[in-house]
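Here are the chains, one letter per residue:
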Number of protein chains: 2
Amino acid sequence: MSKHTIAIVDDHLLFAQSLKSLINTFDDFEVIHHALNGKIFIDDLKNKTELPKIVLMDLNMPIMDGLETTKYLNKHYPNIKILALSMDDDENSILKMIKNGAKGYLLKDIHPNILKEALYGLINEGYYHSKMVSDTLVHSLHPSAEKKINLLDRELEFLKLASTEMTYKEIADVMHLSPKTIDGYREQLFKKLEVKNRIGLVVYALKNNLV
Amino acid sequence: MSKHTIAIVDDHLLFAQSLKSLINTFDDFEVIHHALNGKIFIDDLKNKTELPKIVLMDLNMPIMDGLETTKYLNKHYPNIKILALSMDDDENSILKMIKNGAKGYLLKDIHPNILKEALYGLINEGYYHSKMVSDTLVHSLHPSAEKKINLLDRELEFLKLASTEMTYKEIADVMHLSPKTIDGYREQLFKKLEVKNRIGLVVYALKNNLV
DNA sequence: TTAAAAAAGGGGGAAAATCCCCTTTTTTAA
DNA sequence: TTAAAAAAGGGGATTTTCCCCCTTTTTTAA
């Protein structure tokens, strides 16, 4: 039966050719295309009769980078599975790629066996998330530790209510307090969280998952 | 060499005992403890000399549920790996457990081989994320599709600025518009997004990753 | 070509938020 | 036991937000 087809999008010719040679030694996979950047790749796709099943996507490329290309493919060719392949190991790059449709993210310094395993993962499960990616996803659920400020119980209660559409009078009623006490809490939290107004409080609360 | 020790925290006795029997047939694992809820389990931990390496944690339990217990264990026994085991397959439950330290999340209707695979994953990789969990994590990066409302360019620009601590007058200056035009955009967005005030706009913007 | 939508702007007034000053009582920590 | 923090509350003035009414011009879509 026919092999799973792969395209490589990477601006480093030697790396791409070497990668192609490696993948072509895998039993069930075959590189059918290589483009030096995203724009060339997309232009080529329009002229091709056979689409690849998997695209190995570099991130840093001239003219059209991996992120933009991933967004485009996700939208126009949703059946193509994208596996990011990059030198970048920072969380932001990983999250952006996954968020925009990449089904896996590998660093370029991995063992070839991991690449093979990832390719099979994409075919069989539809995704391949290494520990690095999983950890990054889990970590993205949490706010930055350094921004966490210790809030008293009543302050937190007020902050949660302040992050709703209630007026301060309504909040006072709910907390069984005088509106003037609410004024006090508000000023106290403005100072504590170093914000200028209620909008600042809401942004802090949401970004720190307090509501 | 000794087997990897496991504790089961689940309020259904028959299920827990059956699970114990199953796991005790696995070569490298041994159930050394069972508690009917989180509180009993924590009390038992304090009196035990041998801690389990893995805890299979139900979610819905009386007195002290799986989430509270996971938070406590993550804080006080960070080396214990928690694998959530639940009937609940909703995203919120999954995210809460992973966010609070669970290293995996399985539904109770899985094949025993998956459980075994998960246990090995916890021991070897430190986590086990099935496709369900991975998909949930990836999905959590995105806002709800059904809540996404099409915004005009200027509306979006205004919304982003409205989610800062700027006054409407300041925003008008930045957008080179009259404050009255800003008033118009505000009312327009209140209607469009079905919110009552600026706080509602901010919450919408942040929850939909527009800023 | 016409109608609708988008983009811009206005008056006026009430309600809410912010900001400055201040107080007392209870609880907690040293 | 004492001091500090937390928790509660007050006056009053200014600024900002919200809400109701309305307008014209340009761009887009039918």
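Note that this is a predicted model, so its numbers are computed, not measured. (Residues numbered from 1 in each chain as written. Chains lettered and ligands numbered in written order. Predicted model: local features only at pLDDT ≥ 70, side-chain atom pairs only at ≥ 80, totals over all residues. Heavy atoms only, no water.)

Draft legend 1. Highlighting the packing of helix H7 (residues 153-162) of chain A against helix H8 (residues 168-175) of chain A. All names here are of chain A. Between H7 and H8, whose axes approach to 10 Å, the crossing angle comes to 135 degrees. Between H7 and H8, the angle falls in the class oblique. Note on packing geometry: the crossing formed by H7 with H8 is right-handed. Here Arg154, Glu157, Phe158, Leu161 and Ala162 of H7 come into contact with H8, specifically with Tyr168, Ile171, Val174 and Met175. When grouped by side-chain class, the residues that make up the contact of H7 with H8 number 7 nonpolar, no polar and 2 charged. (Axes fitted to C-alpha atoms, helices over the stretch in contact; angles between N-to-C directions. Helix = DSSP H or I, 4+ residues; strand = E, 2+ residues; numbered from the N terminus. Parallel < 35°, antiparallel > 145°, perpendicular 65-115°, else oblique. Left-handed = near helix turned anticlockwise from the far one by under 90°. Contact = heavy atoms within 4.5 Å. Nonpolar A, V, L, I, M, F, W, Y, C, P; charged D, E, K, R; others polar.)

Draft legend 2. Examining the relation of the copies chain B and chain A more closely. Least-squares fitting of chain B to chain A yields an RMSD of 1.0 Å, with the transformation described by 0.6 Å of translation along the axis and a rotation of 179 degrees. Here the copies are linked by what is in effect a two-fold axis. Measuring from the rotation axis to each C-alpha of chain B, the shortest distance belongs to Leu137(B), at 2.5 Å. A high fraction, 100%, of the interface residues of chain B reappear at the interface in chain A, so the copies pair face to face through one surface. (Least-squares fit on C-alpha atoms with pLDDT ≥ 70 in both.)

Draft legend 3. Layout of the protein's contact with DNA strand C. Near DNA strand C, the surroundings consist of 16 residues, among which Tyr168(A), Ser178(B), Lys180(B), Thr181(B) and Tyr185(B) are the closest. Within 4 Å of the protein, atoms of DNA strand C come from sugar and phosphate in 67% of cases. A distance of 2.5 Å separates a phosphate oxygen of DNA strand C from a polar side-chain atom of Ser178(B). Taking Thr181(B), its side chain carries an N or O atom lying 2.8 Å from a phosphate oxygen of DNA strand C. Of all the secondary structure elements, the ones that give two or more residues to the surface near DNA strand C are helix H9 (179-192) of chain A together with helix H9 (179-193) of chain B. The leading source of residues in the surface near DNA strand C is H9(A), at 4 residues. Looking at side-chain class alone, the surface near DNA strand C contains 5 nonpolar, 4 polar and 7 charged residues. (Near = heavy atom within 4 Å. Polar contact = N/O pair within 3.5 Å; in protein donor to acceptor, adjacent residues only side chain to side chain.)

Draft legend 4. Structural view of a nonpolar patch on the surface. Judged by side-chain polarity, Leu13(A), Leu36(A) and Ile40(A) come together as a nonpolar surface patch covering roughly 240 Å² of accessible area. The partly exposed category is assigned to Leu36(A), whose relative accessible area is 37%. (Patch = residues over 30% accessible without salt bridge, like charges linked within 9 Å, V, L, I, M, F, W, Y side chains within 5 Å. Areas by Shrake-Rupley, 256 points an atom, 1.4 Å probe, with all protein chains shown as cover. Salt bridge = Lys/Arg side-chain N within 4 Å of Asp/Glu carboxyl O. Buried < 20%, exposed > 50% of the residue type's maximum accessible area, 1.4 Å probe, protein only.)

Draft legend 5. Geometry of helix H4 (residues 91-99) of chain A. Considered for burial, the residues of H4(A) that qualify are Ser93(A), Ile94(A), Leu95(A), Met97(A) and Ile98(A). In this structure, the buried residues of H4(A) make contact with strand E3 (54-57), helix H3 (66-76), strand E4 (81-86), strand E5 (104-107) and helix H6 (131-139) of chain A together with helix H6 (131-139) of chain B. At the C-terminal side of H4(A), Gly101(A) shows a positive phi close to 115 degrees.

Draft legend 6. Looking closely at the protein's contact with DNA strand D. Every one of the 16 residues lining DNA strand D counts as a neighbour, but Ser178(A), Thr181(A), Tyr185(A), Tyr168(B) and Arg198(B) are closest to it. Of all atoms in DNA strand D that approach within 4 Å of the protein, 67% are sugar or phosphate atoms. The separation between a phosphate oxygen of DNA strand D and a polar side-chain atom of Arg154(A) is 3.1 Å. In this structure, Lys196(B) approaches DNA strand D through a main-chain N or O atom, which is 3.4 Å from a phosphate oxygen. At the level of elements, H9 of chain A together with H9 of chain B are the ones that each hand at least two residues to the surface near DNA strand D. Sort the elements by how many residues they give to the surface near DNA strand D and H9(B) lands first, with 4 residues. Partitioning the surface near DNA strand D into residue classes produces 5 nonpolar, 4 polar and 7 charged.

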